[in-house]
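# Understanding the architecture of this molecule
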Amino acid sequence: MNTAAAEAEPQVTRVGDIAFEDAAALLARHALQLHHVADDAPIPGSYWGEPEAGIIASDVYVRNDTPVHSMLHEACHLIVLPPERRALVHTDATDSVPEEDATCYLQIVLAGQLPGVGSAQLMADMDAWGYTYRLGSTRAWFEQDAEDAKAWLIERGLLAA
């Protein structure tokens, strides 16, 4: 990433700030493989472009400058899909608002299982990056307005009731 771009981006937790092995282990529990891409190399399957994470089938691609929220968000897009749909994914995984909401909810939950991150930090990073919710913040959405996303995940066995 060039210096000007790095200075323009919000300060958020990056993959290089955490133990890669912890992130890889978390994703592996959901049958995903995390791949580390060299600094300044293109990220395969990145919908938004670098430094955002990329996805292809069950593979998640990140660089050290990839925001952790992006890594988790893209991974969660894959987690919420049934295996037959996951296998067909290249770059863009969602075709519905309920899936997108479930993805956002699950990424916050999984951040709580990732050493060095936590749900509160991830929600702050999501706000800093520009995620928008009608209640004004990620935390407000998660705590007060995400019952449908939580129910969607529970219904599919992706989250305990």
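Residues numbered from 1 in each chain as written. Predicted model: local features only at pLDDT ≥ 70, side-chain atom pairs only at ≥ 80, totals over all residues. Heavy atoms only, no water.

## Brief notes about the pairing of strand β3 (residues 59–62)
Inspection of the sheet shows strand β1 (residues 33–36) paired to β3 by 4 bridges, in the parallel sense. In the sheet register, L34 faces β3, and the bridge partner there is V60. In terms of strand pairing, strand β2 (residues 54–56) meets β3 through 3 bridges, oriented antiparallel. By the bridge assignment for β3, I55 is matched with V60. Remark: 2 residues form the turn of the hairpin made by β2 and β3, two consecutive strands paired antiparallel; A57 in that turn has positive phi of roughly 55 degrees. (Pairing = 2+ DSSP bridges. Helix = DSSP H or I, 4+ residues; strand = E, 2+ residues; numbered from the N terminus.)

## As for the packing of helix α3 (residues 68–79) against helix α6 (residues 119–129)
Relative to each other, α3 and α6 sit at 100 degrees, their axes nearing to 9 Å. With respect to their mutual orientation, α3 and α6 come out roughly perpendicular. Contacts between α3 and α6 involve V68, H69 and L72 on the former and, on the latter, L122, D125, M126 and W129. Looking at side-chain class alone, the contact of α3 with α6 contains 5 nonpolar, 1 polar and 1 charged residues. (Axes fitted to C-alpha atoms, helices over the stretch in contact; angles between N-to-C directions. Parallel < 35°, antiparallel > 145°, perpendicular 65-115°, else oblique. Contact = heavy atoms within 4.5 Å. Nonpolar A, V, L, I, M, F, W, Y, C, P; charged D, E, K, R; others polar.)

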